Amino acid sequence: EDQVTQSPEALRLQEGESSSLNCSYTVSGLRGLFWYRQDPGKGPEFLFTLYSAGEEKEKERLKATLTKKESFLHITAPKPEDSATYLCAVLREYGNKLVFGAGTILRVKS
Amino acid sequence: NAGVTQTPKFQVLKTGQSMTLQCAQDMNHEYMSWYRQDPGMGLRLIHYSVGAGITDQGEVPNGYNVSRSTTEDFPLRLLSAAPSQTSVYFCASSQTRTGYTFGSGTRLTVV
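Counting restarts for each chain: residues are numbered from 1 in the order of the written sequence. Each chain takes a letter, starting from A, and each ligand takes a number, starting from 1, following the order in which they are written. Under the rules for a predicted model, residues below a pLDDT of 70 receive no local features and side-chain atom pairs below 80 are neither given nor counted, while totals for whole chains, interfaces and linings still include all residues. With hydrogens and water excluded, all non-hydrogen atoms of the structure serve as input to the side-chain values.

As a further point, take the state of the cysteines. Each disulfide consists of one covalent bond between the sulfur atoms belonging to two cysteines. Sulfur atoms of two cysteines make up a disulfide when they are within 2.5 Å. Tallied over the entire structure, the rule returns 2 disulfides over all chains. With a sulfur-sulfur separation of 1.9 Å, Cys23 of chain A is cross-linked through a disulfide to Cys88 of chain A. Judged by the sign of its S-S torsion, about -65 degrees, the cystine formed by Cys23 of chain A and Cys88 of chain A is left-handed. With Cys23 of chain A in strand β3 (residues 19-26) and Cys88 of chain A in strand β9 (residues 84-92), the pair connects residues that are 65 residues apart, well separated along the chain. Across the pair, Cys88 of chain A and Cys23 of chain A agree in class, each one buried. Between the sulfur atoms of Cys23 of chain B and its disulfide partner Cys91 of chain B the distance amounts to 1.9 Å. In this structure the cystine formed by Cys23 of chain B and Cys91 of chain B twists about its S-S bond by roughly -70 degrees; its chirality is therefore left-handed. In this pair, Cys23 of chain B is assigned in strand β3 (residues 19-25) and Cys91 of chain B in strand β9 (residues 87-94), connecting sequence segments 68 residues apart. Just as Cys23 of chain B is buried, Cys91 of chain B falls in that class too. By definition, any uninterrupted DSSP run of H or I lasting at least four residues is a helix, any uninterrupted run of E lasting at least two residues is a strand, and each is numbered from the N terminus. Between buried and exposed lies partly exposed: a residue is buried under 20% and exposed over 50% of the maximum accessible area for its type, with that area taken using a 1.4 Å probe on protein chains only.

A few words now on empty space enclosed by the protein. A probe matching the size of a water molecule, rolled over the atoms, marks out where space remains unfilled. The method works on a 1 Å grid over the protein atoms by themselves. A cavity is a set of points holding a 1.4 Å probe that cannot get out, a pocket is an open set with protein on both sides within 12 Å along at least five of seven lines, and residues with an atom within 4 Å of a point line them. Grid points are joined across faces, edges and corners, and a volume is the space filled by probe spheres set on the points. In total, this model carries 1 cavity of 30 Å³ or more according to the counting rule given. One number sums up the size of the largest cavity: a volume of about 30 Å³. Every residue lining the largest cavity is listed: Asn96 of chain A together with Tyr31, Met32, Ser33, Tyr48, Ser49 and Tyr100 of chain B. By residue number, the principal contributor to the lining of the largest cavity is strand β4 (residues 31-38) of chain B, which donates 3 residues. For the lining of the largest cavity, the class distribution of residues is 4 nonpolar, 3 polar and no charged. Polarity classes work like this: nonpolar for Ala, Val, Leu, Ile, Met, Phe, Trp, Tyr, Cys and Pro, charged for Asp, Glu, Lys and Arg, and polar for all others, with Gly in that last group.

With that settled, consider the pattern of salt bridges. Residue and element names in this part refer to chain A. For this analysis, a salt bridge means a side-chain nitrogen from Lys or Arg found within 4 Å of a carboxyl oxygen belonging to Asp or Glu. Counting across every chain of the model gives 7 salt bridges over all chains. Note that Arg37 is salt-bridged to Asp39, the shortest N-O span being 3.0 Å. Take Arg37: its relative accessible area is 15%, and that puts it in the buried class. Residue Asp39 is classed as partly exposed on the basis of its relative accessible area, which comes to 21%.

Written as structure tokens, this is what we have:
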């Protein structure tokens, strides 16, 4: 059974304090690993898809990396507007079902 | 280009009532799916479709029905609402399974 575990559950940072979110996964053949951002009362917003170990993608202050067992979302010099819940999900090679982790709630204080 | 549109945004039902949550996308996506989101449990897949006329069950399908008569629409039907179905429901679509677009959600309360 595919499983996704995200840590920590919640993270509080000061503005400018860099950190990383973790997503550990177990899947039988990975088609892709997805990162989403979700603001309160809204639907998840797509950030990145990673396909193979060693792959990295960047967008503004966010950088996602992938190994065979986990993915990291690195946040460099965060700002208050980066506060959100960050969701990780995996898609099996021959499947159609995204399996999500429970998310990490990020709060960035100025 | 509206993306994925869900209606209604909020709904209160009495136990035993039935209703349909609407989902429409204007991107000609093949894949559509329904998720529910509960505190601390993340998003869980209810039903999904890989094209018009083709649907399948996800992780938590009991109490829900779907159909896909057109590429654009993927309604979710609650047959007899129960308090355990109180949740936030999201519809999502994708063309190539590389990036799913989500709607803004329907917040459902069953009393």
